[in-house]
Amino acid sequence: MIRTLLLSLIVVFALTNVYGQNVPQTLAERTNYESTSSYNDVLNFIDQIKKSSKLVAVENIGQTIEGRDIPLLIVANPLPKSPTDLINDKRVVVYIQANIHPGEVEGKEASLMYIRDLLKDKNSEILKNAVLLVCPNLNADGNERYSTKNRTNQNGPKSVGVRYNAQMLDLNRDGMKVESPEMRGVIANVINRWDPDVIMDCHTTNGAYHVEPVTFTWMMNPNGDRALINYMRDKMMPKVSSVLLEKYKTENCFYGEFVDMGDYSKGWISYAAEPRYFTNYMGIRNRLSILNENYVYADFKSRVLGCYHLIHSLMDYSSANSAEIKSIVKDADAKTIAKGLNPSVADSFAITYEGRPTPNKVTIQTYEADKVVADNEWERYKKSDRRLDVTVDYIADYFATKNVKSPFAYILAIHDPAIINLLKLHGISVERLDKTISLEVDKFVIEELKATPRLNQGHYNETVKGRFVKETKEFGAGTCIIRTSQRLGNLISYLLEPQTDDGLLFWNYFDKYLVPQWSRTYNPYPVYRVIDRTEIRSTVEK
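The residue numbering used here restarts from 1 in each chain and proceeds along that chain's sequence as written. Where totals are concerned, whole chains, interfaces and linings use all residues; where local detail is concerned, this predicted model gives features only for residues with pLDDT of at least 70, and gives and counts side-chain atom pairs only at 80 or more. As a convention, hydrogens and water are excluded, and side-chain values are obtained from all of the structure's heavy atoms.

A.B. asks: Sorry if this is basic, but what is going on with unusual backbone geometry here?
C.D. replies: Glycine aside, a negative phi is what most residues show, and trans is what most peptide bonds show. Put simply, Asn 77 and Pro 78 share a cis peptide bond, and its omega is 5°. Of the consecutive residues Gly 156 and Pro 157, the connecting peptide bond is found in the cis state with omega at -5°. Tracing the backbone through its elements, the reader meets Pro 157 in the loop between α6 (140-143) and α7 (181-194). Of note, Asn 32 is a non-glycine position whose phi angle comes to about 55°, a positive value. Strands here are runs of E lasting at least two residues and helices are runs of H or I lasting at least four, both read from the DSSP assignment and numbered beginning at the N terminus. Along the chain, the position of Asn 32 falls in the loop between α2 (27-30) and α3 (39-52). Even without being glycine, Val 178 reaches a positive phi, approximately 50°. By the element assignment, Val 178 lies in the loop between α6 and α7.

Next up, the structure:
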């Protein structure tokens with residue numbers, strides 16, 4: 001206890017040296033964790049931080065639907081004037097994103113607290129080895145819709161915002177279709193502009209009961225680089241977990257929920273592998289990506305401090321292993337480009353997949369659950385007071401159950417500015433044929449097209465069945481070609497393959513082209529695949 005008090009006094013003294021007598025505090029800290037910061041509270045805190053240190057810059061990455069600026073903090077020593085300063089820089093770039101769901105607010109408070117405390121020592125090894133990017137309040141419009149009636153199952157604070165933005169869109173389902181100004185800002189002005197090596201997206205759980213106040217996991221879509229996934233699974237995430245427990249005294253476990261609340265032995269599963277989720281989106285872009293989920297039933301202070309210490313643990317690891325991280329990310333990009341230049345004869349892109357147990361089991365500090373049968377005989381479970389530790393399979397390794405060949409290039413046989421602009425927004429290079437050319441291509445013949453009966457994010461999502469057939473087809477000068485020999489080659493295939501679970505067909509971008517007006521048949525899918533490496537003259541579209 002005396003040691004803790006001394007450490008607290010040392011921190012206060014250091015902060016006073018940096019900030020004078022007016023050490024900035026988040027609203028959560030000022031109210032003893034009864035309230036969370038408003039939009040103006042966040043802006044005021046950022047303003048205090050920026051005025052106090054030359055190691056902080058602030059950029060606006062965009063505006064919300066309701067016109068609120070979305071600030072991004074850049075923290076480093078030396079501070080880069082622009083991303084071009086980092087081209088040959090050895091520092092790892094880490095991006096922390098918070099408040100994508102403004103009912104889940106721990107990251108908003110914790111990220112600001114972390115920056116403030118990091119700046120107390122301008123000679124910090126972390127500042128020397130890392131460039132830190134923080135967007136503390138991504139969904140600012142949702143944040144301002146705070147009410148005591150939101151997330152009433154949550155153990156504090158008194159009032160929080162809503163999950164969706166002002167378009168009623170869930171920003172953590174917008175990674176691929178990018179219909180919100182918030183996600184357009186993240187992709188254009190954080191990911192494409194600063195190219196972070198490591199990202200963490202902060203959330204709060206909605207699921208299983210357990211003791212640990214902090215949970216987290218990693219990107220898991222199988223179309224990401226397998227070496228990066230394995231690195232997270234086997235090295236980086238276990239080390240962050242152990243540092244979080246041993247150095248920062250914070251209980252934690254990998255994120256998930258029980259497969260069966262009536263039988264824990266069936267395993268602990270992290271179930272959302274689609275790239276519409278930001279963490280998995282970054283994974284198929286070949287970056288190290290972490291999903292942080294703080295435990296909803298822990299008190300708000302424990303959740304904020306747990307997230308704060310997780311950021312510490314992540315930055316400790318990233319700083320200490322900056323060279324290794326930058327090397328494996330660079331290797332993943334190089335492998336993706338090489339695969340596009342020399343497509344394998346083997347099927348290599350997953351269009352369906354399943355979760356399997358990781359090599360190591362996980363231990364969850366949980367409670368026995370009691371079955372409750374409601375009036376309609378729907379079974380559910382409630383937490384008992386009987387503590388139970390279980391060691392079970394962690395179902396978080398996703399592997400293909402059906403593959404298709406990764407092509408050399410895709411030919412877009414229609415001129416659709418919305419599709420072209422979306423590809424370019426993602427950072428994908430789009431080219432146009434210099435002259436008319438005949439090519440042997442794979443054409444996808446649609447046999448069944450089915451829309452979901454229920455709207456999802458404003459869409460009746462399409463699923464398609466069909467087959468590829470070979471044909472020789474003429475394409476005119478100016479036709480768009482998208483080569484896969486780009487570092488975003490995996491993302492390109494995910495968007496343009498007709499049968500993926502998160503591509504442009506799934507999100508209705510091609511609907512108008514698929515069915516003739518007066519026929520019960522289908523038009524060919526208007527994206528053709530050039531399978532083998534072919535000499536094609538084209539010019540990059542600006």
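Back to the write-up after that little detour.
A.B. asks: Even after reading the chapter, I still don't get the side chain of Asp 442, so can you show me in this structure?
C.D. replies: Topologically, Asp 442 is positioned in strand β17 (residues 437-451). Excluding residues within four positions of it along the chain, Asp 442 makes contact with Phe 468, Val 469, Lys 470, Tyr 528, Arg 529 and Ile 531. Here a residue-residue contact requires only that any non-hydrogen atoms of the pair lie within 4.5 Å.

A.B. asks: Just to check I follow, could you spell out the sheet that holds strand β11 (residues 349-357) for this structure?
C.D. replies: Remark on secondary structure: sheet strands pair via backbone hydrogen bonds, oriented parallel or antiparallel. If you trace the 4 strands from one edge of the open sheet to the other, you get β8-β9-β14-β11, paired in mixed fashion. Of all strands in the sheet, those with a lone pairing partner are β8 (257-258) and β11, marking the two edges. Strand pairing is defined by DSSP finding a minimum of two bridges between the two strands.

A.B. asks: Would you explain the sheet that holds strand β5 (residues 198-204) in this entry?
C.D. replies: In space, the 8 strands of this open sheet follow the order β1-β2-β4-β3-β5-β10-β6-β7, with mixed pairing throughout. Since the sheet does not close on itself, it has two edges, and those belong to β1 (56-63) and β7 (252-254), each with one partner. Adjacent strand axes in the sheet meet at a mean angle of 20° when their direction is disregarded. Of the strands in this sheet, β5, β6 (214-218), β7 and β10 (288-294) are in contact with helix α8 (residues 226-246), which crosses β6 at around 160°. What counts as an axis is a line fitted to C-alpha atoms, over the stretch in contact for a helix, and the angles between N-to-C directions run from 0 to 180 degrees.

A.B. asks: Please clarify how the packing of helix α10 (residues 300-320) against helix α11 (residues 322-341) should be interpreted in this entry.
C.D. replies: Working note: a packed helix pair is described by the angle between its axes plus the distance between those axes. One way to put it is that α10 packs onto α11 with a least axis distance of 4 Å and a crossing angle of 80°. It follows from the interaxial angle that α10 and α11 lie roughly perpendicular. Touching Tyr 317, Ser 318, Ser 319 and Ala 320 of α10 are Ser 322, Glu 324 and Ile 325, all from α11. Classes in brief: Ala, Val, Leu, Ile, Met, Phe, Trp, Tyr, Cys and Pro nonpolar; Asp, Glu, Lys and Arg charged; the others, Gly included, polar. Along the lines of polarity and charge, the residues of the contact of α10 with α11 split into 3 nonpolar, 3 polar and 1 charged. Note that the term roughly parallel is reserved for angles under 35 degrees, roughly antiparallel for angles over 145, roughly perpendicular for angles of 65 to 115, and oblique for everything else.

A.B. asks: Where do I start with the nonpolar core in this structure?
C.D. replies: Across soluble globular proteins, you tend to see nonpolar side chains buried next to one another. Core analysis: the biggest nonpolar cluster contains 138 residues, and Tyr 95, Leu 132, Met 236, Leu 288 and Phe 510 have the highest contact counts within it. Among all residues touching Met 236, those that are not within four sequence positions of it are Val 198, Tyr 231, Leu 288, Ile 290, Leu 314, Tyr 317, Ser 318 and Ile 325. Nonpolar core, defined: a set of buried Ala, Val, Leu, Ile, Met, Phe, Trp, Tyr and Cys residues in which side-chain atoms within 4.5 Å join the residues together. Relative accessibility decides the category of a residue: with a 1.4 Å probe and only protein chains considered, values under 20% of the type maximum give buried, values over 50% give exposed, and everything between is partly exposed. In terms of nonpolar packing, the next biggest core, distinct from the first, is built from 12 residues, Phe 408, Ile 411, Leu 439 and Tyr 528 among them.

A.B. asks: Before we go on, may I ask you to explain the environment of Asn 137 in this structure?
C.D. replies: Mapping Asn 137 onto the fold places it in the loop between β4 (130-135) and α6. Considered as a pair, Asn 137 and Glu 109 are 28 residues apart in the sequence and their alpha carbons are 9.3 Å apart. Once you skip the residues sitting within four places of it in the chain, Asn 137 turns out to touch Tyr 39, Val 42, Ile 70, Ala 98, Asn 99, Lys 108 and Asn 143.

A.B. asks: Honestly, the packing of aromatic side chains in this entry has me stumped. Any pointers?
C.D. replies: Remark: the centre distance and the inter-plane angle together describe each pair of aromatic rings, the angle taken between the planes. Each aromatic pair joins two rings of Phe, Tyr and Trp (for Trp, the six-membered one) with centres within 6.5 Å, and gets the label stacked for planes under 30 degrees apart, edge-to-face for over 60, and tilted for any other angle. Scanning all chains against the criterion turns up 18 aromatic pairs. Plain terms: the ring middles of Tyr 33 and Phe 300 are 6.2 Å apart, the flat faces sit at 75° to each other, and that makes the pair edge-to-face. Highlighted residues: Tyr 33 in the loop between α2 and α3 and Phe 300 in helix α10, separated in sequence by 267 residues. Taken as a pair, Tyr 33 and Phe 300 share a single burial class, namely buried. Here the aromatic rings of Phe 216 and Phe 254 are separated by 5.6 Å at their centres, their planes lie at 80°, and the arrangement is edge-to-face. Of the two residues, Phe 216 is situated in strand β6 and Phe 254 in strand β7; the sequence distance between them amounts to 38 residues. Grouping residues by exposure puts Phe 216 and Phe 254 together as buried. Through a chain of ring-to-ring contacts, three or more aromatic side chains come together here, namely Phe 216, Trp 218, Phe 254 and Tyr 394. In this analysis the charged atom, NZ for Lys or CZ for Arg, is taken to sit over a ring once it is within 6 Å of the ring centre and within 35 degrees of the ring normal. Above the face of the Tyr 367 ring, Lys 383 is positioned so that its terminal group lies 4.4 Å from the ring centre. Here the guanidinium or amino end of Arg 387 rests over the ring plane of Tyr 367, the centre of that ring lying 5.9 Å away.

A.B. asks: What is the right way to read the pattern of salt bridges from this model?
C.D. replies: Pairs can form between side chains of opposite charge whenever their charged atoms are close. Whenever a carboxyl oxygen of Asp or Glu lies within 4 Å of a side-chain nitrogen of Lys or Arg, that contact is scored as a salt bridge. Under the criterion given, the structure shown has 44 salt bridges. Arg 193 is the salt-bridge partner of Glu 59, the closest N and O atoms lying 2.8 Å from each other. In this pair, Glu 59 is assigned in strand β1 and Arg 193 in helix α7, connecting sequence segments 134 residues apart. Classification of Glu 59 by relative accessible area gives buried; the value is 19%. Residues joined by salt bridges that share partners form a network here, namely Glu 104, Arg 151, Arg 163, Asp 170 and Arg 173.

A.B. asks: Can you help me understand the packing of helix α4 (residues 106-118) against α10 in this one?
C.D. replies: Relative orientation of the contacting elements α4 and α10 amounts to 50°, with a least axis distance of 8 Å. With respect to α10, the axis of α4 lies oblique. As for the relative orientation of α4 and α10, their crossing is right-handed in sense. Here Glu 106, Gly 107, Glu 109, Ala 110, Ser 111, Met 113, Tyr 114 and Asp 117 of α4 come into contact with α10, specifically with Phe 300, Arg 303, Val 304, Leu 305, Cys 307, Tyr 308, Ile 311, His 312 and Met 315. Put simply, a crossing is left-handed when the front helix is turned counterclockwise from the back one by less than a right angle, and right-handed when it is turned clockwise.

A.B. asks: Help me out: how do you make sense of the environment of Asp 225 in this one?
C.D. replies: In this structure, Asp 225 sits in the loop between β6 and α8. The exposure class of Asp 225 is buried, given its relative accessible area of 11%. When the C-alpha atoms of Asp 225 and Asn 508 are compared, they prove to be 27 Å apart, with 283 residues separating the residues in sequence. Setting aside its immediate chain neighbours within four residues, Asp 225 contacts Gly 283, Asn 286, Ala 332 and Lys 335. The term polar contact refers here to a pair of N or O atoms within 3.5 Å; inside protein, the definition further demands a hydrogen-donor-capable atom paired with an acceptor-capable atom, and it admits residues adjacent in sequence only when both atoms are side-chain atoms. Side-chain polar atoms of Asp 225 contact the backbone nitrogen of Leu 228, separated by 3.0 Å.

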